[in-house]
Amino acid sequence: MQTRDIANEPLAAIDELPRPLVTRAHDHPPGHRVDWHRHRRDQLLYASAGTMLVQTAVGIWVVPPHRAVWIPGGIRHRVRGGETPLLMRTVYVEPGIAPGLPDGCCVVSVSPLLRELILRAVSLPDLYDQRGADGRLMRVLLDQIRDLPVTPLHLPGIRDRRLAPIARCLDDDPADARGAADWAARLGMSARTLSRRFRRDTGMSFRQWRQQLRLLQALRRLAEGQRVNAVALELGYESPSAFVAMFRRSLGATPGRYFDD
């Protein structure tokens, strides 16, 4: 299938097409980046192969296989691929076309039916026949998007400048075991002040935020083929069983089961 890369296509060409749903397929090499941009339309961004990291002003979403990210229209974002080729399949949805669509960014589960609908939809012409079979397929696709289950794969961004060194350090070395009291001493504040700033900035405690960062780092590594034992040690867990227990508590399945779904 021939693909079209939105990096070389004016966004207006997508936003102004006279159809409620518009699709695009574009393939990228490992490590590819799509710089900051926004769309007038809502967007369901799905990778039929590879992983994505999607960033907005308020946080980061990691998108492993069998998941997609929903990005409402008007939200500025950028996308980074992982260490394997990224086959990106996108559905652009006219805002307000249907009730019940998410009003914020979120990662959602993609069922086998939705996957096949997306893969079929990206092969249709831009000006598909809305009254024919293609139009019916798009309406089923929209119904499926409205029923997507949300998954907890979001890491709130840190905007407090005094906390920024923590984010930078843990992003580079998620196994760093220093606790809130250690970081507070290093940053010249009390542990209570650090805790209050973290909660105000992210909605999480320091410990919760660090665990979520480790979870998202784990998803990226596992999706790219790293072994569970290696990932557990790289992220600072005492044993693979401790890592698997955290993973199951967070996502309701072991790593093997999660990536088989």
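Calculation criteria
Residues numbered from 1 in each chain as written. Predicted model: local features only at pLDDT ≥ 70, side-chain atom pairs only at ≥ 80, totals over all residues. Heavy atoms only, no water. Helix = DSSP H or I, 4+ residues; strand = E, 2+ residues; numbered from the N terminus. Rg over C-alpha atoms; globule rule 2.2 N^0.38 Å. Areas by Shrake-Rupley, 256 points an atom, 1.4 Å probe, with all protein chains shown as cover. Lys, Arg positive; Asp, Glu negative; His and termini not counted. Charge placed at Lys NZ, Arg CZ, Asp CG, Glu CD. Core = buried A, V, L, I, M, F, W, Y, C linked by side-chain atoms within 4.5 Å. Buried < 20%, exposed > 50% of the residue type's maximum accessible area, 1.4 Å probe, protein only. Contact = heavy atoms within 4.5 Å. Axes fitted to C-alpha atoms, helices over the stretch in contact; angles between N-to-C directions. Parallel < 35°, antiparallel > 145°, perpendicular 65-115°, else oblique. Nonpolar A, V, L, I, M, F, W, Y, C, P; charged D, E, K, R; others polar. Pairing = 2+ DSSP bridges. Salt bridge = Lys/Arg side-chain N within 4 Å of Asp/Glu carboxyl O.

Before going further, it helps to examine the overall build of the chain. Each helix and strand counted, the chain has 10 helices and 11 strands in total. On C-alpha atoms alone, the chain measures out to a radius of gyration of 20 Å, which is about the 18 Å that the 2.2 N^0.38 rule sets for 261 residues. C-alpha extents for the chain along the principal axes are approximately 65 × 35 × 30 Å. Counting only carbon and sulfur atoms, one obtains 49% of the accessible surface of the chain, whose full area is about 12800 Å². In the chain, the 38 positive side-chain charges and the 28 negative ones have mean positions that sit 6 Å from each other.

Here the focus is the nonpolar core. Counting residues in hydrophobic clusters, the biggest one holds 50 residues, and the most contacted among them are Ile166, Leu194, Trp209, Leu219, Phe243 and Phe247. With residues near it in sequence (within four places) discarded, phenylalanine 243 still touches Ala218, Leu222, Val228, Val231, Ala232, Leu235, Tyr237 and Pro255. Residues Ala98, Ile118, Leu141 and Leu148 belong to the second largest nonpolar core, which totals 26 residues.

Moving on: the environment of aspartate 103. Position of aspartate 103 among the secondary structure elements: in the loop between strand 8 (86-93) and strand 9 (106-109). Through-space distance from the C-alpha of aspartate 103 to that of glutamate 16 is 21 Å; in sequence the pair is 87 residues apart.

On to the packing of helix 7 (residues 206-223) against helix 9 (residues 240-251). Axes are the key here: two packed helices are described by the angle between their axes and the distance separating the axes. Contact pair helix 7 / helix 9: the axes reach a minimum separation of 11 Å and the direction vectors enclose 100°. The orientation of helix 7 with respect to helix 9, classified from their angle, is roughly perpendicular. Between helix 7 and helix 9, the contacting residues are Gln211, Leu215, Ala218, Leu219 and Leu222 on the first element and Phe243, Met246, Phe247, Ser250 and Leu251 on the second. The class makeup of the residues in the contact of helix 7 with helix 9 is eight nonpolar, two polar and no charged.

Turning to helix 4 (residues 164-172), a few remarks are in order. Among the residues of helix 4, Ile166, Ala167, Cys169 and Leu170 are the ones counted as buried. Contacts from the buried residues of helix 4 go to helix 5 (180-187), helix 6 (191-202) and helix 7.

Attention now moves to the sheet that holds strand 4 (residues 52-56). Backbone hydrogen bonds are what pair the strands of a sheet, in a parallel or an antiparallel way. What the five strands build is an open sheet, ordered 2-7-4-5-11; its pairing is antiparallel. Each end of this open sheet is capped by a strand with a single partner; those strands are strand 2 (33-37) and strand 11 (154-156). Sheet twist, expressed as the mean angle between neighbouring strand axes with direction ignored, is 15°. Of the strand pairs in this sheet, strand 5 (residues 59-63) and strand 11 are connected by three bridges, and their pairing is antiparallel. Along strand 11, the bridge assignment pairs isoleucine 60 with leucine 155. In the packing of helix 7 onto the sheet, contacts are made with strand 4, strand 5, strand 7 (77-81) and strand 11, and the angle to strand 11 comes to roughly 140°.

Summed over all chains, the structure comprises 11 salt bridges. For arginine 41, the salt bridge is made with glutamate 94, and the minimal N-O distance between the two is 3.6 Å. Here arginine 41 is found in the loop between strand 2 and strand 3 (42-49), whereas its partner glutamate 94 is found in the loop between strand 8 and strand 9, with 53 residues between them in sequence. You can call arginine 41 buried: its relative accessible area is 1%. For arginine 146, the salt bridge goes to aspartate 143, with nearest N and O atoms at 4.0 Å. In this pair, arginine 146 and aspartate 143 are both assigned in helix 3 (residues 133-146), three residues apart and thus about one turn of the helix distant. Each of Arg40, Arg41 and Glu94 takes part in salt bridges that share partners, so that together they form one network.

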